[in-house]
Amino acid sequence: MEFMKVIKPGLLTTIQDLGRPEHRVFGVSASGAMDSFSFRIANILAGNEENAAALEATLVGPHLVFQQDGVMAITGGNLSPSLNNKPISMWKAISIKKGDELTFGRCLDGCRSYIAFSGGIDVPEVMGSRSTYIRGNYGGLEGRALKSGDSLMVGKSIFHYKDLNGRRLRPIDTPNFETIRPVRIILGPHHQEFTEDSLNKFLNEEYTLSNESDRMGYRLSGPQLEHINGPDIISDFISMGTVQVPGNGYPIIHMADCGTSGGYTKIGVVITADLSFLGQRKPGDKIVFQPINIEEAHHELRIQETLLSELSLNNEMIAKLT
């Protein structure tokens, strides 16, 4: 039986989980949520495992009508969600009833909202993941974004709805996507292939996300970088957060739907703890890079993962009480 009907799909709403990282060795894009931190918290609040399939809505959210009772949680960028035309809180588990309608309004901060439902969206796995990869036409719902008239089902939750309703993330732990802050990177492996002046520009001047940015990569406009020996290298591994600089001198940040290898110089890689903040940037947003070392990057990731582990533990404790 269907759980919800799509009245309007929004600008780009896809089904995502944490992707297919284990298949990258075979040349398969990892895909998955652009902001995995917000995605994982949405699932935890909804009483799911962190990898349960949920909706990723970009800039303009969908209009959904629910056919059954349930619980949802909305995190990530604030696209002004409303339930039955009344604004609702984000970063909180909210009960939904049969006949309720979820709509969205103006984008207030960030650009991607995650809508998780207790039980997780039930679509077939493709290579161990339910993530949509539009370029490959697989995963999610027929390998595409949602469209009007679609119906979606959810799996069975291990929680009773009353045990989930009202659960929320503490304000102190809620990400702030409005704050303008540097995106931290680890330099290398080819930063020595750029002139000293270019490296200084990259680390000290401002870039802007171009309109050509998408889930595959962010193209940046700003200071043009100069190679010492040309842009080409023997193709090697790339991952989400890799910053490549092709022959035109303008950096490209590879994102969730990126390929697995590339043949242009890599000036650095965005640290894992900042990928979620980066995933909430949209065309026109400004980016400034800040280099840090690996030890600092590990420290920032431990802080993030500790919070998620504590939240997941609370999920397990509630499950034992139901």
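Our subject in this report is the structure included herewith.

Rules of the game
- Residues numbered from 1 in each chain as written.
- Predicted model: local features only at pLDDT ≥ 70, side-chain atom pairs only at ≥ 80, totals over all residues.
- Heavy atoms only, no water.
- Core = buried A, V, L, I, M, F, W, Y, C linked by side-chain atoms within 4.5 Å.
- Buried < 20%, exposed > 50% of the residue type's maximum accessible area, 1.4 Å probe, protein only.
- Helix = DSSP H or I, 4+ residues; strand = E, 2+ residues; numbered from the N terminus.
- Contact = heavy atoms within 4.5 Å.
- Phe/Tyr/Trp six-rings, centres within 6.5 Å; stacked < 30°, edge-to-face > 60°.
- Lys NZ or Arg CZ within 6 Å of the ring centre and 35° of its normal.
- Pairing = 2+ DSSP bridges.
- Axes fitted to C-alpha atoms, helices over the stretch in contact; angles between N-to-C directions.
- Salt bridge = Lys/Arg side-chain N within 4 Å of Asp/Glu carboxyl O.

**Considering the nonpolar core**
Grouped together as the largest cluster of nonpolar side chains are 68 residues, with contacts concentrated most on Phe66, Met72, Leu102, Phe117 and Ile253. Of all the elements, helix α1 (residues 36–45) adds the most residues to this core, at six residues. Here Ile253 is in contact with Met216, Gly217, Tyr218, Leu220, Gly241, Thr242, Val243, Val270, Leu278, Ile287 and Phe289, once residues within four sequence places are set aside.

**Concerning the packing of aromatic side chains**
Applying the stated criterion to the full structure yields eight aromatic pairs. Between Phe3 and Phe117, the aromatic rings sit 5.7 Å apart at their centres with planes inclined by 65 degrees, giving edge-to-face as the arrangement. Of the two residues, Phe3 is situated in the segment before β1 (4–8) and Phe117 in strand β10 (residues 109–117); the sequence distance between them amounts to 114 residues. Judged on exposure class, the residue Phe3 and its partner Phe117 are both buried. Ring centres of Tyr133 and Tyr138 lie 5.4 Å apart, and the angle between their planes is 55 degrees; on these two criteria the pair is classed as tilted. Pair check on accessibility: Tyr133 and Tyr138 agree, each one buried. Taken together, the aromatic side chains of Phe3, Phe66 and Phe117 make up a single cluster linked through ring pairs. A cation sits over an aromatic face here: Arg181 above Phe277, 4.0 Å from the ring centre.

**Section: the sheet that holds strand β2 (residues 12–16)**
If you walk across this open sheet you meet the five strands as β2-β3-β10-β5-β8, and the pairing is antiparallel. Since the sheet does not close on itself, it has two edges, and those belong to β2 and β8 (93–96), each with one partner. Between one strand axis and the next, the sheet turns by 25 degrees as a mean value, whatever way the strands run. Bridging between strand β3 (residues 54–58) and β10 involves four bridges; their strand directions are antiparallel.

**Considering the side chain of Thr260**
If you trace the backbone, Thr260 turns up in the loop between β17 (252–254) and β18 (261–270). What Thr260 contacts, discounting residues up to four positions off in sequence, is Arg24, Gly27, Val28, Asp236, Phe237 and Ile238.

**Quick look at the pattern of salt bridges**
With the rule as written, the count across this model stands at 17 salt bridges. For Lys5, the salt bridge goes to Glu2, with nearest N and O atoms at 3.8 Å. Among the ionic pairs, Arg184 bridges to Glu300, the shortest N-O distance being 3.4 Å. Placement of Arg184 in strand β12 (residues 183–187) and of Glu300 in helix α4 (residues 294–321) is noted, with a sequence separation of 116 residues between them. Overall, Arg184 belongs to the buried group, its relative accessible area being 17%. Residue classification places Glu300 among the partly exposed residues on the basis of a relative accessible area of 24%. If you follow the salt bridges from partner to partner, you end up with Arg181, Arg184, Asp274 and Glu300 in one network.

**What to know about the pairing of strand β4 (residues 63–66)**
Side-chain alternation along β4 places His63 and Val65 on one buried face and Leu64 and Phe66 on a second face that is also buried. Here four bridges tie β1 to β4, and the two strands are oriented antiparallel to one another. In the sheet register, Met4 faces β4, and the bridge partner there is Phe66. Sheet analysis places β4 next to strand β9 (residues 101–104), joined by two bridges and oriented antiparallel. When the sheet's bridge partners are listed, Leu64 is paired in β9 with Leu102.

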